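Examining the three-dimensional arrangement
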2 protein chains.
Amino acid sequence: MKKVLIIGIGAGNPDYVTMQAVKALNEVDVFFFLDKGEAKEDLVNLRTTICERFIKDRSYRTVEVESPQRDASTPDYKSGVHAWHRDKADIFSKLIGDELRDGEVGAFLVWGDPSLYDSTIRVIQQIVAERRVAFDYDVIPGITSVQALAAQHRIALNAIGEPVHITTGRKLTEGLPPGVDTAVIMLDNGSGLRALAGEDVDIYWGAYLGTADEVLVAGKLGDRVEEIEQLRARDRERKGWIMDTYLLRRSPANDRS
Amino acid sequence: MKKVLIIGIGAGNPDYVTMQAVKALNEVDVFFFLDKGEAKEDLVNLRTTICERFIKDRSYRTVEVESPQRDASTPDYKSGVHAWHRDKADIFSKLIGDELRDGEVGAFLVWGDPSLYDSTIRVIQQIVAERRVAFDYDVIPGITSVQALAAQHRIALNAIGEPVHITTGRKLTEGLPPGVDTAVIMLDNGSGLRALAGEDVDIYWGAYLGTADEVLVAGKLGDRVEEIEQLRARDRERKGWIMDTYLLRRSPANDRS
């Protein structure tokens, strides 16, 4: 039997790797590296650092493939994503089928945690459901940028006894559901940042969390939104990509509970 | 200057500890252990295992104190929690003031991640705001039971491009906000489990996640709720405490997006 490990390597800081992930890394025969666009160099560096730092006395192979790109021109977001996953499933099943021998362990390394806004688990499940190639798989959690954000700002995500809503920039532009006073926003292309700027909301923002390039901003959203937009533009220009995450919290005066 | 580290040690499995946490553990002079009720023995065992396994060539002191209990008879939940935090702040400031020498590092170990449904950061912030004792502090994230749940069930938390709502059993009994189709429930005393049992909802449930006692159940909520209630009753009886977490997802047919 072949085995595939989906390993969360944490959000940027190599030391976010768990002992469980380190043990898993040391069982891997073949790493499948999917390269994606602009962030490529930093991703490659993180992967390399983690493998070199934490894998001891073991030889492993690496197979690098170009990650398919989501066709952003597809009018329906979800059907675009489904087509993209299909492309990925084709690549993954070929990798597992051709590059992994029986009894070997293959691994996909996922930035952050595989359970949050990452397609790897879904793509693997699709291959399993279609019985395209026989293998077992396991998932190893990792520290997400949400947790890095909270730790670096030294804040709790939830208000006392209150929910935390994790959502995307795209969804935030439609507003927050009623009763939701705390939201963490991921995958924002910048469009979500001003969605609540007219309200009495605190923001805790972070980019390149856990890395040497980390930037943190906190304050009233209305006071900080311009500064954050400028930082976003500057760093995206400078580095070629940006990955940011932020928490929005309605002020306690508006607390409905 | 004194330093306090709030270290997330992950949800149950000692190997959920991150390399960052291991490095931090190896800088600690004094561990402050707060003992709480029934789960005490398992918590103590996890703490002991983690310290023994991951601290090398360093001597440290431990100070154990009884954790104050929240007065559950206080009619207003939040004022009860505030009074409880006040009691904790008294204890923490005494610990930091009396048990930690200048230049030393003290640590609170937090099950899971300090940013999610844990009071330590809030209590420390309160002491800092009141300038009761001078110290610096840092937060180190850990793997939460939410991530352990997703990894063990090998599922993504979010549906494609959709939000994830993290909430409590107490809040779930009031229903989910409109537009929320995926929720993760923590801190449920059992009352939340049947809140959506009449709807077409999938449940992914887990108790004692990451430990040798781990139990997982998945399926249609309506079909599984009785089994889960029986498991909860049995294990609570057997072990004296239960800690469970579950994900609820409305079926795709009801997907409103």
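As for the relation of the copies chain A and chain B
At an RMSD of 0.0 Å, chain A and chain B line up after a rotation of 180° and a shift of 0.0 Å along the axis. The superposition operator between the copies reduces to a two-fold rotation axis. Rotation axis and chain A: the residue whose C-alpha lies nearest the axis is Thr18 of chain A, separated from it by 1.9 Å. Most of the interface of chain A is mirrored in chain B: 100% of its interface residues are interface residues there too.

Remarks on empty space enclosed by the protein
In total, this model carries three cavities of 30 Å³ or more according to the counting rule given. Volume-wise, the largest cavity comes out at about 150 Å³. Surrounding the largest cavity, 16 residues form its lining, Thr144 and Ile166 of chain A together with Thr144, Gln147 and Ile166 of chain B being those nearest its centre. Elements represented by at least two residues in the lining of the largest cavity include exactly helix H5 (145-153) of chain A together with helix H5 (145-153) of chain B. Along the lines of polarity and charge, the residues of the lining of the largest cavity split into eight nonpolar, six polar and two charged.

Re the domain arrangement of chain A
Residue and element names in this part refer to chain A. You can read the domains of chain A as domain 1 (2-143) and domain 2 (146-255). When each unit is reduced to the centre of its C-alpha atoms, the spacing between domain 1 and domain 2 is 27 Å. Summing both sides of the interface, domain 1 and domain 2 together bury roughly 1,200 Å²; the carbon and sulfur share of this comes to 65%. Three residues stand out in domain 1 for area buried against domain 2, namely Trp111, Leu116 and Tyr117, and they jointly supply 39% of the buried area on that side. On the surface where domain 1 and domain 2 come into contact, there are one salt bridge. Asp42 is paired through a salt bridge with Lys239; the nearest N and O atoms lie 3.1 Å apart. Counting the contacts that link domain 1 with domain 2 gives four residue pairs in polar contact (both at pLDDT 80 or more). Partitioned by chemical class, the residues of the side of domain 1 that touches domain 2 number eight nonpolar, three polar and three charged.

Definitions and limits used
- Residues numbered from 1 in each chain as written.
- Chains lettered and ligands numbered in written order.
- Predicted model: local features only at pLDDT ≥ 70, side-chain atom pairs only at ≥ 80, totals over all residues.
- Heavy atoms only, no water.
- Least-squares fit on C-alpha atoms with pLDDT ≥ 70 in both.
- Contact = heavy atoms within 4.5 Å.
- 1 Å grid on protein atoms, 1.4 Å probe; cavity = no way out; pocket = protein on both sides within 12 Å on 5 of 7 lines; lining within 4 Å.
- Points joined across faces, edges and corners; volume = space filled by probe spheres on them.
- Helix = DSSP H or I, 4+ residues; strand = E, 2+ residues; numbered from the N terminus.
- Nonpolar A, V, L, I, M, F, W, Y, C, P; charged D, E, K, R; others polar.
- Domains from an automatic or database assignment.
- Buried area = accessible area lost by both parts, 1.4 Å probe.
- Salt bridge = Lys/Arg side-chain N within 4 Å of Asp/Glu carboxyl O.
- Polar contact = N/O pair within 3.5 Å; in protein donor to acceptor, adjacent residues only side chain to side chain.

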